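Tertiary structure, described
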Amino acid sequence: MGAEPQETPIHMNEVKQSLLETESTTLTESSLPSLDEVEEIIGYKFENKNLLEEAFTHSSFMCSFSYERLEYIGDAVLNLLFSREHYFLYPDLAPGKLTRLRAANVDTEKLARVALRHGFHRYLRHKKRLLEDQIQEFARAVLDYPLHSNGLIDAPKDLADLVESTIGAVFMDCNSIDIVWEVFKGLLEPIITPETIQIHFNTQLNELCQKNNRSLKYVDSWEKNKAVDCLIDGQFVGRGTYSLRKEVAQNRAAKDALDNRWKWMVLREKDAADEEQEEESPTSQLSEEEFEVNEQA
């Protein structure tokens, strides 16, 4: 299976170049780029060119086919590839951690980054409104998170689907798991490892609250002002906003709460210490009248 892959950030110049090309490219049926360039990007020549065309055709293109069936195949193949790779690379890793590691390597944002880095979006045949704007916004956002945002930005699912459909097309063309891995292992970099994996902030906050017996609640006002507030034991501790998806706003609220945890964790510890001191104090056991008599004496 080879040596353990190392995670490296997306090269910022590549992303900036991809962003410029996205901004300046509007696909029309008369100006579709050649899919031969895709073969050069991935380093694989198709026996059946129809599979490649299908893999890069969105359902909005009003064609007799789309990439959805190949995406279905690619999703299954990709999960199997990472399952096999991790099984041999990490023989001591428990199934639960293996599952989390695989999920991190195949989630929407991770695959969307792959599509963006290699410029797959430039070859997608589609007529989906606002998709180009979404890709531009995503391309700008990843500049602030070179490896992964862990739920803080919104990745266009169409980009991730495109990677899976391309994987599905290669598999259907060659019928070999090994060849698919040989083609895509380098393209899927940076591959997330047990040392570099991070947990979404919402999950981190949940685990922290459970560990410390704290009550966590999100107050959803997203429909009104695109915001989600985070409350710990009824106390406001964080807020997140995002106009396109509520889930991103909630994850940002969780990160805000985690960034401020020194405040609400310290307050809780201080309150507990004050209660303990009050219980140990002799005067705390006296009635109000007894306390006044003692004071006068």
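Below: a short report on this structure. No experiment lies behind these values; they were computed from the predicted model shown.

**Let's talk about the overall build of the protein chain**
Along the protein chain, the regular secondary structure elements total 14 helices and 3 strands. Here the protein chain, with 297 residues, has 43% of them falling under the buried criterion. The long-range share in the protein chain, meaning contacts at least 24 apart out of those at least 6 apart in sequence, stands at 66%.

**Focus on the packing of helix H6 (residues 108-117) against helix H7 (residues 131-141)**
Following both chains from N to C, one finds H6 and H7 inclined at 100 degrees, their axes separated by 11 Å at the closest point. Considered as vectors, H6 and H7 are oriented roughly perpendicular to each other. Across from Glu109, Ala112, Arg113 and Leu116 in H6, the residues of H7 making contact are Ile135, Phe138 and Ala139. By residue class, the composition of the contact of H6 with H7 is 5 nonpolar, no polar and 2 charged.

**Regarding unusual backbone geometry**
For the bond from Glu189 to Pro190, the omega torsion is 0 degrees, close enough to zero to count as cis. Looking at the secondary structure, you find Pro190 in the loop between helix H9 (177-184) and helix H10 (201-211). Phi is positive for Asn150, which is not a glycine, with a value near 55 degrees.

**Description of the pairing of strand S3 (residues 235-241)**
Within a regular strand, the side chains alternate between the two sheet faces. By the bridge criterion, 6 bridges tie strand S2 (residues 227-232) to S3 in an arrangement that is antiparallel. Of the residues in S3, the one forming a bridge with Ile232 is Gln235.

**Details of the nonpolar core**
For soluble globular proteins, nonpolar side chains are generally found buried alongside one another. Formed by 47 residues in total, the largest nonpolar core has its most connected members in Phe56 and Leu188. Elements represented by at least two residues in this core include exactly helix H2 (36-42), helix H3 (49-55), helix H4 (68-89), H6, H7, helix H8 (157-174) and H9. Of the residues forming this core, the biggest block, 8 residues, is contributed by H8. If we ignore the near neighbours within four places in the chain, the residues touching Phe56 are Leu35, Val38, Phe120, Tyr123, Leu124, Arg125, Leu162 and Thr166. One finds Ile232, Ala253, Leu258 and Met265 within the second-largest nonpolar core, a separate group that totals 19 residues.

**Examining the sheet that holds S3**
Read across the sheet, 3 strands follow the order S1-S2-S3 without closing on themselves; strand pairing throughout is antiparallel. Lying at the two open borders of the sheet, with one neighbouring strand each, are strand S1 (216-221) and S3. Mean inter-strand twist for the sheet, computed between neighbouring axes without regard to direction, equals 25 degrees. Here 6 bridges tie S1 to S2, and the two strands are oriented antiparallel to one another. Directly across from Lys217, in S2, lies its bridge partner Leu231. Sitting on the sheet, helix H12 (residues 246-259) touches S1, S2 and S3, and the angle it makes with S3 is about 135 degrees.

**Some thoughts on the environment of Val237**
Among the structural elements, Val237 can be located in strand S3. Apart from the residues lying within four places of it in its own chain, the contact partners of Val237 are Cys230, Leu231, Ile232, Asp256, Ala257, Asn260 and Trp264.

**Some details on the packing of H10 against H12**
For the pair H10 and H12, the least separation of the axes is 8 Å and the interaxial angle reads 50 degrees. Comparing the axis directions of H10 and H12 gives the class oblique. The element H10 and its partner H12 pack so that their crossing is left-handed. Along its contact with H10, which presents Phe201, Asn202, Gln204, Leu205 and Leu208, the element H12 presents Gln250, Asn251, Ala254, Lys255, Ala257 and Leu258. Looking at side-chain class alone, the contact of H10 with H12 contains 6 nonpolar, 4 polar and 1 charged residues.

What counts and what doesn't
Residues numbered from 1 in each chain as written. Predicted model: local features only at pLDDT ≥ 70, side-chain atom pairs only at ≥ 80, totals over all residues. Heavy atoms only, no water. Helix = DSSP H or I, 4+ residues; strand = E, 2+ residues; numbered from the N terminus. Buried < 20%, exposed > 50% of the residue type's maximum accessible area, 1.4 Å probe, protein only. Contact = heavy atoms within 4.5 Å. Axes fitted to C-alpha atoms, helices over the stretch in contact; angles between N-to-C directions. Parallel < 35°, antiparallel > 145°, perpendicular 65-115°, else oblique. Nonpolar A, V, L, I, M, F, W, Y, C, P; charged D, E, K, R; others polar. Pairing = 2+ DSSP bridges. Core = buried A, V, L, I, M, F, W, Y, C linked by side-chain atoms within 4.5 Å. Left-handed = near helix turned anticlockwise from the far one by under 90°.

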